[in-house]
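Residue-level listing of the chains:
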Amino acid sequence: MKVLKFGGTSVGSAERIKDVANIIIPQGKNVIVLSAMSGVTNMLIEICSYIRNNEAILAEQAITILSQKYIETIRNLFSEDNNRQAAAVKAMEESNKRIRSYIGNRFRNEDEKIVLAQGELMSTMLMHLYLHSLGVNSALLSALDFMRKSYNGEPDKEYITKHTNDILFRNSKADIYITQGFICRDCLGKIDNLERGGSDYTASLIGAAIKADEIQIWTDIDGLHNNDPRFVENTSPVRQLSFDEASELAYFGAKILHPTCILPAKQHNIPVKLLNTMQPSASGTLIGDIPDLPATIKAVAAKDNIKVISVKSDRLLLSYGFLHRVFEIFKDHTTAIDMISTSEVSVSVAIDNGKELDNIIKDLKKCGSVSVDEDMSIVCIVGNLHWNKCGLEAVVLKALEEIPVRMISYGGSNCNISIVIKACDKVKALNLLSKNLFYN
Ligand code: ADP
Ligand code: ASP
Ligand code: MG
């Protein structure tokens, strides 16, 4: 069995939903994971902020705009089927009623999670009804019945494995399974989610739980490109990536993949294909246990909102224990470190989560003098870069010779060179890298 995930653009209109049906039906009995229709999660976030700020009229107006989008989709999906039109409109009205119930009341974080879940609940309901209108016996499975986080906020893999397999077994007569990406429950059973872009993660968690033959991530572009197409022209698809290369690219900003979605696939050696809903026959990108090719740089990505914190030891030389104390402070403030760089007497640490920045700085001052550079970006260069292959680092640094470089990290893995620069230099750096690495 395979897992096929379709992102927001892929289910963004009646036409798109019909295209998805044409892709999934011929592939047979698989698990289909859907995101909310494009723009819907953003609209729900906007509605939440109106509710939180007691702006009832604006909240109502935004719900009306959202409803219009659904009504148009429903009319086009079921133009000659009044019963299914009515069923879909009824489900939409129930969803809206739930959202409206928060207007004028105290709005808690857990209420926001319930509102955000409505996008995926609606898109899957529409797809399920549409498949039935074509005579396909799809089963609509609620991700809230099997997707759960444990007490540490990470997916509870044991629970997910057991409950996913149970629910598939209970619905084994279905032709196809439809479920929601992104949404889950927390360890207390309350509705939660896997963060923005988390439907990719849902797909790979299900893939791992059912030991799928393949995970397909269908989106609006023909695979992972060698640079970020939002900032660089003339990017081209990379046909094959190892799990490690894809993980690095996803973690360091390649938006096409959720940062953590490769790990479950890697742990179970499940190939991941990135495919284009608008051009289903394009080859896309295969991520898997691929053979070691000759030394090559394959792709570049960038991550924003980086802060670099430097700590200079009070002692003349770095004493043993200094790094331990520094890293423990980041752990105490539950802040993941993206990159480090050390000298004899100081260490620089790059982070993207700045929620605890003030407290971290306060504690770090006990270890030495502290300075912070905000508004930075990490540019990550990925490929088959084993250290004994000469010259690849030199080409990267040469390409960036016009850009001031704050930190460099190389040798942490065989597939990544990471460089911290000012955020305002990012677009120029990405373009210089494309020009010098891929098209010279
Ligand atoms: P979906 O809604 O299907 O999950 P996303 O918007 O999350 O789609 O991801 C697809 C988008 O990722 C593309 O439209 C593209 O703009 C962006 N993107 C960023 N970096 C890359 C890259 N290296 N290769 C391909 N797409 C990328
Ligand atoms: N709908 C969610 C979002 O927009 C999850 C996803 O699309 O993967 O972030
Ligand atoms: Mg996405």
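This text follows the structure it describes.
Across its full length, the protein carries 13 helices and 16 strands. A compact globule built from 440 residues would reach a C-alpha radius of gyration of about 22 Å, and the protein, at 24 Å, matches this within 12%. Judged by the C-alpha coordinates and their principal axes, the protein covers about 75 × 50 × 40 Å. Taking all 440 residues of the protein together, the buried fraction comes to 52%. Here the contacts in the protein between residues at least 6 apart in sequence split such that 75% fall between residues at least 24 apart. If the 49 positive side-chain charges of the protein are averaged to one point and the 52 negative ones to another, these points end up 2 Å apart.

Next up on the list: the sheet that holds strand β11 (residues 296-313). Hydrogen bonding along the main chain pairs the strands of a sheet, whether they run parallel or antiparallel. An order of β12-β13-β11-β14-β16-β15 is seen for the 6 strands of this open sheet, with the pairing classed as antiparallel. Looking at the sheet topology across the chains shown, the edges are occupied by β12 (339-342) and β15 (405-410). In this sheet, neighbouring strand axes are inclined to one another by 25° on average, regardless of whether the strands run parallel or antiparallel. Running at roughly 140° to strand β14 (residues 368-384), helix α8 (residues 243-251) makes contact with β11, β14 and β16 (416-422) of the sheet.

We now examine the pattern of salt bridges. As a working rule, side chains carrying opposite charge can pair if their charged atoms are close by. Across all of its chains, the model carries 23 salt bridges by this definition. Measuring nitrogen to oxygen at the nearest pair gives 3.6 Å for the salt bridge that ties E110 to R108. Judged by relative accessible area, E110 falls into the partly exposed class, the value being 29%. Looking at R108, the relative accessible area reads 36%, which means it is partly exposed. Sharing partners across several salt bridges, the network here consists of R108, E110, D111 and K190.

Turning our attention to the site of ligand 1. Lining the immediate surroundings of ligand 1 are 16 residues, of which K5, T219, D220, H225 and K255 lie closest. One of the side-chain nitrogen or oxygen atoms of K5 is found 3.0 Å away from an oxygen atom of ligand 1. In this structure, an oxygen atom belonging to ligand 1 sits 3.3 Å away from a main-chain N or O atom of G8. In isolation ligand 1 has 570 Å² of accessible area, and contact with the protein removes 87% of it. When its residues are assigned to classes, the shell around ligand 1 shows 5 nonpolar, 6 polar and 5 charged.

Taken together, the neighbourhood of ligand 2 is formed by S35, T41, E120, F182, R196, G197, G198 and S199. A distance of 2.6 Å separates a nitrogen atom of ligand 2 from a polar side-chain atom of E120. The fraction of the free accessible surface of ligand 2 (270 Å²) that becomes covered by protein chains is 85%. Looking at side-chain class alone, the shell around ligand 2 contains 1 nonpolar, 5 polar and 2 charged residues.

On the secondary structure map, N276 appears in strand β9 (residues 272-276). Assessed through its relative accessible area of 6%, N276 is described here as buried. At 3.0 Å, the side chain of N276 forms a polar contact with the backbone nitrogen of M278. Residues contacting N276, with those up to four places away along its chain left out, are W218, T219, D220, I221 and D222.

With that settled, the discussion passes to the environment of G411. For G411, the position within the fold is in the loop between β15 and β16. Under the relative-accessibility criterion, G411 is labelled exposed at 52%. Considered as a pair, G411 and I270 are 141 residues apart in the sequence and their alpha carbons are 27 Å apart.

Turning to the pairing of strand β13 (residues 346-351), a few remarks are in order. Within β13, 5 of the 6 residues are buried, which leaves the element mostly enclosed by the surrounding structure. For β11 and β13, the ladder comprises 6 bridges, and the chain directions are antiparallel. Residue pairing for β13: K312 is matched across the bridge by S346. In this structure, the hairpin formed by β12 and β13 is closed by a connection of 3 residues.

The terminal C-alpha atoms of helix α5 (residues 109-133) lie 37 Å apart, and with 25 residues this matches the ideal 36 Å at 1.5 Å per residue to within 8%. Along α5, the sharpest kink reaches roughly 25°, centred on Q118. The buried fraction of α5 is high, at 19 of 25 residues. With its phi angle positive at about 85°, G135 sits one or two positions after the end of α5.

Turning to helix α1 (residues 14-24), its buried residues are A14, I17, V20, A21, I23 and I24. Residues of α1 that are buried make contact with β1 (2-6), β2 (31-34), α3 (56-77), α5, β4 (176-180) and β7 (214-219).

This part is about the environment of A302. For A302, the position within the fold is in strand β11. Overall, A302 belongs to the buried group, its relative accessible area being 10%. On a C-alpha basis, the gap between A302 and C380 in space is 6.0 Å, while along the polypeptide they are 78 residues apart. The contact partners of A302, leaving out residues within four places of it in the chain, are F252, G253, I378, V379, K426 and L430.

Cut-off values and rules
Residues numbered from 1 in each chain as written. Chains lettered and ligands numbered in written order. Predicted model: local features only at pLDDT ≥ 70, side-chain atom pairs only at ≥ 80, totals over all residues. Heavy atoms only, no water. Helix = DSSP H or I, 4+ residues; strand = E, 2+ residues; numbered from the N terminus. Rg over C-alpha atoms; globule rule 2.2 N^0.38 Å. Buried < 20%, exposed > 50% of the residue type's maximum accessible area, 1.4 Å probe, protein only. Contact = heavy atoms within 4.5 Å. Lys, Arg positive; Asp, Glu negative; His and termini not counted. Charge placed at Lys NZ, Arg CZ, Asp CG, Glu CD. Pairing = 2+ DSSP bridges. Axes fitted to C-alpha atoms, helices over the stretch in contact; angles between N-to-C directions. Salt bridge = Lys/Arg side-chain N within 4 Å of Asp/Glu carboxyl O. Near = heavy atom within 4 Å. Polar contact = N/O pair within 3.5 Å; in protein donor to acceptor, adjacent residues only side chain to side chain. Areas by Shrake-Rupley, 256 points an atom, 1.4 Å probe, with all protein chains shown as cover. Nonpolar A, V, L, I, M, F, W, Y, C, P; charged D, E, K, R; others polar. Expected span 1.5 Å × (residues − 1). Bend = angle between axes of the 7 residues up to and from the residue.

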